[in-house]
Amino acid sequence: MARFLTLGVAAAALAMLALPVMAAGTMDAAKMTCKEYGAMDSAGMMSATKAMKEAAATDKMADPAKAKMSDEEISKMVMADCKGKPDMMVMDTMHKK
C-alpha cells in the first residue's frame, strides 16, 4: 500500500511539473516576454514565431516587411532583439523601429 501511495504522489508531482512545459507551447505570443520565448524548446519557439506572424498581420504597429520574413529569420531577429532585455514583449520585435 505504501509503495502504491508513493508511486501516486510521484506521478502527481511529475504531472504538475509538466504543466508549465505544456502551457509554454500554447502561450499567447502577444503577451510573451523575451525571457519566456528564450526558455522554450525549438518546437515551442517555432510555434510562437508562427503565432507572432499571424498576430503581426492584424497589428497596425507591426512592420509588414517583418511579417513576410521566414519563420527562421523572425526567430533569429527575436533572439537578437531580445538580447539583454528579458522583460521586453516579443511582439515588440515585430514593430517598426
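All of these numbers come straight from a predicted model, not from anything done at the bench.

Colleague: Got a minute to help me understand the nonpolar core in this structure?
Modeller: Inside soluble globular proteins, nonpolar side chains tend to come together where they are buried. The biggest cluster of nonpolar side chains holds 18 residues, and the ones touching the most others in it are Met32, Tyr37, Met52, Ile74, Val78, Val90 and Met94. Those residues within four positions of Met94 in sequence are excluded, and the remaining contacts are Met52, Ala56, Ala62, Asp63, Lys66, Ala67, Ile74 and Met77.

Colleague: I tried to follow the pattern of salt bridges on my own but got confused; where do I start?
Modeller: Note on pairing: side chains with opposite charge can pair once their charged atoms come close. This structure, assessed with the given rule, holds 2 salt bridges. In this structure, Asp71 engages Lys50 in a salt bridge whose closest nitrogen and oxygen atoms are separated by 2.7 Å. Of this pair, Asp71 sits in helix α5 (residues 71-82) while Lys50 sits in helix α3 (residues 42-56), placing them 21 residues apart in sequence. With a closest N to O distance of 3.3 Å, Lys53 and Asp71 form a salt bridge. Of this pair, Lys53 sits in helix α3 while Asp71 sits in helix α5, and the two are 18 residues apart along the sequence.

Colleague: Is there a simple way to think about the environment of Gly44 in this case?
Modeller: With respect to the secondary-structure elements, Gly44 resides in helix α3. Along the primary structure Gly44 and Met27 are separated by 17 residues, whereas in three dimensions their C-alpha atoms are 9.1 Å apart.

Colleague: Explain the side chain of Asp81 here, please?
Modeller: By the secondary structure assignment, Asp81 is in helix α5. In this structure Asp81 comes out as buried when scored by relative accessible area, which is 18%. Setting aside residues up to four positions removed in sequence, Asp81 forms contacts with Met88, Thr93 and Lys97.

Quick notes on the rules
Residues numbered from 1 in each chain as written. Predicted model: local features only at pLDDT ≥ 70, side-chain atom pairs only at ≥ 80, totals over all residues. Heavy atoms only, no water. Core = buried A, V, L, I, M, F, W, Y, C linked by side-chain atoms within 4.5 Å. Buried < 20%, exposed > 50% of the residue type's maximum accessible area, 1.4 Å probe, protein only. Contact = heavy atoms within 4.5 Å. Salt bridge = Lys/Arg side-chain N within 4 Å of Asp/Glu carboxyl O. Helix = DSSP H or I, 4+ residues; strand = E, 2+ residues; numbered from the N terminus.

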